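Understanding the architecture of this molecule
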Amino acid sequence: MIPDPIPAATLILMREGAARDALPEILLVERGAALAFLGGAMVFPGGRVDPGDHAMVPAGATDPDDSAARIAAIRETIEEVGLAVGLMPHPDETAVADLRADMLRGQSFAAALAERRLRIDEAALTPFARWCPEHVPVRRFDARFYMAEVPRHASTPIIDGGETAAARWMTARAVLSAADRGDIHIIFPTRRTLERLAQYRDFPSAMADARAWPVRRIVPFQAERDGVPSICIPDDMGYPITSEPVTAARRG
């Protein structure tokens, strides 16, 4: 029996490339090797949606689950890499460090924000995708993916040293090349996402394309493609590559 999925949220952070006309860079984090779920894999920042995230949803929200996921994505990104996106007014580095330290000591996200008179800006996050694989090596997640831009001058990640072992800014194409060489480990949803991100020349084009495609739950399925057993996704959701041989796909 397939277990019910755990609601989760992921944030794809993008910044300008280092040189003029360079491709945008994406932030990926390396999960600690000892973690039961995706240990050692390179992923986007994020994690499960907590009850505290739901408690922060504004009254009258049109989609409370989406609002809670946006809040979770913002919170998890602060906790994992020390970068604040979607807060008003935007806090400086010292305020972000203090906010993160208070949460790590057990203070709730809501209380830490209220103490600093900060508010959530949900509009800073653009919905990108929603993945809910049924492959369950440890646990199953229903993860909403969002994207947001970070100024290059304020994009230095500070890892937590626990769940997050490292963090790197790389172009999507560079990540895919590193995975092909075996230098890093990425799973099926991450690869498909990076292939899509590799099409974008900058953040505005990425945001426009994200808004042009429907965001609905993606559940990968197995089927034959050109006579080869493959893991597949629907072909009407903006992804340039929609299948991968079962023997090559990394799913956990």
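Residues numbered from 1 in each chain as written. Predicted model: local features only at pLDDT ≥ 70, side-chain atom pairs only at ≥ 80, totals over all residues. Heavy atoms only, no water.

**Regarding the pattern of salt bridges**
Stated precisely, the cut-off is as follows: By definition, a salt bridge exists where a carboxyl oxygen of Asp or Glu is found within 4 Å of a side-chain nitrogen of Lys or Arg. Working definition: with a 1.4 Å probe on protein chains only, accessible area under 20% of the residue-type maximum means buried, over 50% means exposed, and in between means partly exposed. We count a stretch as a helix when DSSP gives it H or I for four or more residues in a row; a strand needs E for two or more, and each element gets its number in order from the N terminus.
Here the structure, examined in full by the defined rule, presents 19 salt bridges. Salt-bridge contacts for arginine 181 lead to aspartate 183; the nearest nitrogen and oxygen are separated by 2.8 Å. For arginine 181, a relative accessible area of 58% translates into the label exposed. Across the pair arginine 192 and glutamate 244 runs a salt bridge whose closest N-O atoms are separated by 2.7 Å. One end of the pair, arginine 192, is in helix H6 (residues 188-197); the other, glutamate 244, is in strand E13 (residues 243-245), and 52 residues separate them in sequence. For the pair arginine 192 and glutamate 244, one class covers both residues: buried. Beyond isolated ion pairs, a larger network of salt bridges with shared partners links Asp50, Asp53, Arg75, Glu76 and Glu79.

**With respect to the environment of valine 57**
Applicable threshold: A contact between two residues is defined here by any heavy atoms of the two lying within 4.5 Å.
Residue position: valine 57 is located in the loop between helix H1 (51-55) and helix H2 (64-81). For valine 57, the residues in contact, after removing those within four places along its chain, are Pro64, Ser67, Ala68 and Ile71.

**Observations concerning the side chain of arginine 130**
What counts is decided by this rule: Polar contacts here mean pairs of N or O atoms no more than 3.5 Å apart (in protein, one a potential hydrogen donor and the other a potential acceptor; neighbouring residues in sequence count only if both atoms are side-chain atoms).
With respect to the element layout, arginine 130 can be found in strand E7 (residues 126-131). A polar atom in the side chain of arginine 130 sits 2.8 Å from the side chain of aspartate 142. Setting aside residues no more than four positions away along its own chain, arginine 130 makes contact with Asp142, Ala143, Arg144, Val215, Arg216, Arg217 and Ile218.

**Comments concerning the packing of H2 against helix H3 (residues 93-104)**
Threshold: Note on definitions: angles span 0 to 180 degrees between N-to-C directions of axes, and those axes are lines fitted to C-alpha atoms, for helices only across the stretch in contact. Roughly parallel refers to an angle under 35 degrees, roughly antiparallel to one over 145, roughly perpendicular to one between 65 and 115, and oblique to any angle outside these ranges. Here the nonpolar group is Ala, Val, Leu, Ile, Met, Phe, Trp, Tyr, Cys and Pro; Asp, Glu, Lys and Arg are the charged ones; every other residue, Gly included, is treated as polar.
Taken N-terminus to C-terminus, the directions of H2 and H3 make an angle of 95°; their axes are 9 Å apart at the nearest point. With respect to H3, the element H2 is oriented roughly perpendicular. Contacts from Arg75, Ile78, Glu79, Glu80 and Val81 of H2 reach H3 at Leu99, Arg100 and Met103. Here the residues of the contact of H2 with H3 are counted per class, giving four nonpolar, no polar and four charged.

**What about the side chain of arginine 140?**
The condition is simple: None of His or the chain ends enter the tally, which takes Lys and Arg as positive and Asp and Glu as negative.
Positionally, arginine 140 belongs in the loop between E7 and strand E8 (141-149). Although arginine 140 is buried, it makes no salt bridge; glutamate 134 carries the closest opposite charge, 4.1 Å away. One polar contact links the side chain of arginine 140 to the main-chain carbonyl oxygen of proline 133, over a distance of 3.1 Å.

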